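Each chain, letter by letter, is given below.
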Amino acid sequence: MQDDILDLTGEEFAKSKGCVGGDISEGKRSLLVIYTLQKASVANKERLLEILAMHTFDQKLRNEAIAIIKNYGAFEHVKALAERMVLDSWTDVNKLLPTPQAKEKLKAFAEFLIRRNK
């Protein structure tokens, strides 16, 4: 989920891939896109699907798609969902791991995955 967010918002991450919005060019139906399609007006839904179907490398079109996704709060929704998933699963993991050291390492790794910016 964080990779999908960074692909559309993280300049450092995007530079390593060569562009911002590579997932748009691929026509990827990420959770960001699915959430947006559920919330968007008919016109925005149709436009987003149209841009995704183009598999375009035109940055202006990718930016338009990103703006639609941003407009419906998809970034915040997906970030919150990722954080909830980590917190919810931590209750089970906490019972299973035997040592505090193993627990701390796993917890630090999980938090890195949902908070990283590169």
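Scroll up a little and you will see the structure.
Residues numbered from 1 in each chain as written. Predicted model: local features only at pLDDT ≥ 70, side-chain atom pairs only at ≥ 80, totals over all residues. Heavy atoms only, no water.

### Observations concerning the pattern of salt bridges
Taken as a whole and judged by the stated rule, the model has four salt bridges. We note a salt bridge from lysine 28 to aspartate 4, for which the minimum N-O separation is 2.6 Å. In this pair, lysine 28 sits in the loop between α3 (22–26) and α4 (31–39) while aspartate 4 sits in helix α1 (residues 2–9), placing the two residues 24 residues apart along the sequence. What you see here is one network of salt bridges that share partners, running through Asp4, Asp23 and Lys28. (Salt bridge = Lys/Arg side-chain N within 4 Å of Asp/Glu carboxyl O. Helix = DSSP H or I, 4+ residues; strand = E, 2+ residues; numbered from the N terminus.)

### A closer look at the side chain of arginine 62
Secondary-structure assignment places arginine 62 in helix α6 (residues 59–71). Buried charged residue arginine 62 carries no salt bridge. Nearest counter-charge: aspartate 58, at 7.1 Å. Of note is the side chain of arginine 62, whose polar atom sits 3.2 Å from the backbone oxygen of valine 20. Each residue touching arginine 62, except ones within four places of it in the same chain, is listed here: Cys19, Val20, Gly21, Ile24, Ser25, Thr56 and Phe57. (Buried < 20%, exposed > 50% of the residue type's maximum accessible area, 1.4 Å probe, protein only. Lys, Arg positive; Asp, Glu negative; His and termini not counted. Polar contact = N/O pair within 3.5 Å; in protein donor to acceptor, adjacent residues only side chain to side chain. Contact = heavy atoms within 4.5 Å.)

### Some thoughts on the environment of aspartate 3
In this structure, aspartate 3 sits in helix α1. Through-space distance from the C-alpha of aspartate 3 to that of leucine 113 is 8.9 Å; in sequence the pair is 110 residues apart.

### With respect to the nonpolar core
Counting 18 residues, the largest nonpolar core has Leu8, Ile24, Leu32, Val33, Leu48, Ile69 and Phe75 as its most contacted members. Taken together, the elements giving at least two residues each to this core come down to α1, α4, α5 (42–54), α6 and α7 (74–96). Tallying contributions element by element places α6 first for this core, with five residues. Aside from chain neighbours lying at most four places away, what touches leucine 48 is Val33, Thr36, Leu37, Ala65, Ile68 and Ile69. (Core = buried A, V, L, I, M, F, W, Y, C linked by side-chain atoms within 4.5 Å.)

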